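Observations on the model geometry
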Amino acid sequence: MVMPTELTDSQLERYARHVVLDEVGEEGQLKLLAAKVLVVGAGGLGSPLIQYLAAAGVGRIGIVDDDEVDISNLQRQTIHRMEDVGRKKAESAADFVRRLNPEIKTDIHAVRLTRDNAALIRDYDLIADGTDNFRTRYLLNDVCVQMKRTLVSAALLRFDGQLGVFKPHAGPEYPCYRCIFPDEPPPDLIPRCETAGILGAVAGIMGSLQATEVLKEILGLGDTLAGRLMLYDGLSSQIRIVKVKRRPDCPACGSAHA
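Structural notes, computed from the coordinates. Remember, predicted model here, so these are calculated numbers, not experimental data. (Residues numbered from 1 in each chain as written. Predicted model: local features only at pLDDT ≥ 70, side-chain atom pairs only at ≥ 80, totals over all residues. Heavy atoms only, no water.)

Quick word on the packing of helix α3 (residues 25-34) against helix α9 (residues 200-219)
Selection criterion: Every axis corresponds to a line fitted to the C-alpha atoms, with the helix fit spanning only the stretch in contact, and the corresponding angles, defined between N-to-C directions, vary from 0 to 180 degrees. A run of DSSP states H or I qualifies as a helix once it reaches four residues; a run of E qualifies as a strand once it reaches two. Both are numbered from the N-terminal end. Orientation is classified from the angle alone, with under 35 degrees giving roughly parallel, over 145 giving roughly antiparallel, 65 to 115 giving roughly perpendicular, and any other angle giving oblique. By definition, any crossing whose near helix is turned counterclockwise from its far helix by less than a right angle is left-handed, and any crossing with a clockwise turn is right-handed. Any two residues whose heavy atoms approach within 4.5 Å at even a single point are treated as in contact. Gly counts as polar in this scheme, as do all residues outside two lists: the nonpolar Ala, Val, Leu, Ile, Met, Phe, Trp, Tyr, Cys and Pro, and the charged Asp, Glu, Lys and Arg.
Look at α3 against α9: their axes get within 9 Å of each other, and the N-to-C directions meet at 110°. Considered as vectors, α3 and α9 are oriented roughly perpendicular to each other. Our pair here, α3 against α9, has a crossing hand that is right-handed. From α3, Gly28, Lys31 and Leu32 reach across to α9, where they touch Leu215, Ile218 and Leu219. Looking at the contact of α3 with α9, its residues break down into 4 nonpolar, 1 polar and 1 charged.

As structure tokens, then:
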């Protein structure tokens, strides 16, 4: 995507609250309009994530999800409507973006991300993981390490969430996801949302925080969560930030793989 050189009058009006921020301004808004972000998962995390990226003016948003909208999703997946039940989530999410901000380009990938199609990641500057399964999460990490793409990854269950930014290509001080969680856990040890449940608003909180980290990375603002892991406890209303280091023996980004 070619970066525009100035905002139009309608864009200045739409993004006025960004433009008046000294840390963003017109130059920052132009960066957002030129940015390309791939969102993997259009569910509980993807809903607020896609919503706020589109509202912020991220110029191109790719949406990866092979699932269909189910009525049980609507308790937390707020970009989908009752009339979307039975539709592909990626298509429903793209329709939401078009209604909210017609100038945003959306790429619909109504597929499950696999090693066979993971090359599509190359078309985007930054990857946001809103998936609900560990196989895809570990695949995303490994491919992002190989392709030198920043990964903003969130997860949630019941009343809790976690969020991190992983970009080992940016320097030796930055870990990847496997530096913290080296191996994919056995499927029978991990409770799934449909059996453990989730408070819908927790998805909104974590997805919004994830969108904030994506925007900060695009704009180069503040201290992102790179090298740190955020842990959110909704029942106690507490947030803990844990420092995490790169592991030399990491199976994805360690020295043997550099």
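Remarks on the environment of Ser47
Selection rule: Relative accessibility thresholds used throughout: buried, under 20% of the residue-type maximum; exposed, over 50%; partly exposed, between the two (1.4 Å probe, protein chains only). Whenever two N or O atoms come within 3.5 Å, that pair is a polar contact, provided that in protein one can donate a hydrogen and the other can accept it, and provided that, for residues adjacent in sequence, both atoms are side-chain atoms.
Note that Ser47 resides in helix α4 (residues 46-56). The class for Ser47 is buried, based on a relative accessible area of 0%. Distance in space between the C-alpha atoms of Ser47 and Asp84 is 14 Å, their sequence separation being 37 residues. If near-sequence neighbours (up to four positions away) are discounted, Ser47 is found in contact with Ala42, Gln77, Thr78, Ile79 and His80. A polar atom in the side chain of Ser47 sits 3.3 Å from the backbone nitrogen of Thr78.

Description of a nonpolar patch on the surface
Which entries qualify depends on this criterion: In this analysis, a patch consists of residues with relative accessible area above 30% that form no salt bridge, clustered at 9 Å for like charges and at 5 Å for the nonpolar side chains Val, Leu, Ile, Met, Phe, Trp and Tyr. A 1.4 Å probe and the Shrake-Rupley method give the accessible areas. Residues count as covered only by the protein chains that appear here. Any carboxyl oxygen of Asp or Glu that lies within 4 Å of a side-chain nitrogen of Lys or Arg is treated as forming a salt bridge with it.
Taken together, Ile71, Met82 and Val85 make up a surface patch of nonpolar side chains, about 280 Å² in accessible area. Mapped onto the elements, Met82 comes out in the loop between β2 (60-64) and α5 (89-100).

Structural notes on the pattern of salt bridges
By the definition in use, this model includes 15 salt bridges. A salt bridge links Asp95 to Arg87; the nearest nitrogen and oxygen atoms lie 2.7 Å apart. A relative accessible area of 27% means that Arg87 is categorised as partly exposed. Linking Glu217 and Lys167 is a salt bridge whose minimum nitrogen-to-oxygen distance equals 3.3 Å. Of the two residues, Glu217 is situated in helix α9 and Lys167 in the loop between β6 (160-166) and α7 (177-180); the sequence distance between them amounts to 50 residues. Among the residues examined, Lys167 registers a relative accessible area of 15% and is labelled buried. Three or more residues are tied together by salt bridges with common partners; here these are Arg81, Glu83, Asp84, Arg87, Asp95 and Arg98.

Concerning the packing of α4 against α5
Look at α4 against α5: their axes get within 10 Å of each other, and the N-to-C directions meet at 30°. For the element pair α4 / α5, the angle class is roughly parallel. Note on packing geometry: the crossing formed by α4 with α5 is right-handed. Where α4 abuts α5, its residues Ile50, Gln51, Ala54 and Ala55 lie against Ala93, Phe96, Val97 and Leu100. Across the contact of α4 with α5, the residue classes break down as 7 nonpolar, 1 polar and no charged.

Observations regarding the nonpolar core
Stated precisely, the cut-off is as follows: To qualify as a nonpolar core, a set must consist of buried Ala, Val, Leu, Ile, Met, Phe, Trp, Tyr and Cys residues joined through side-chain atoms within 4.5 Å.
In this structure, Leu53, Val58 and Val214 are the most contacted members of the largest nonpolar core, which totals 43 residues. If we skip the residues at most four places from it in the chain, Val214 touches Val37, Leu49, Leu53, Leu126, Ala128 and Val152.

Side note on α4
Counting buried positions along α4 yields 8 of 11 residues, so the element is predominantly enclosed. Taken residue by residue, α4 has Gly46, Ser47, Pro48, Leu49, Ile50, Leu53, Ala54 and Ala56 as its buried positions. Just downstream of α4 lies Gly57, where phi reads positive at about 95°.

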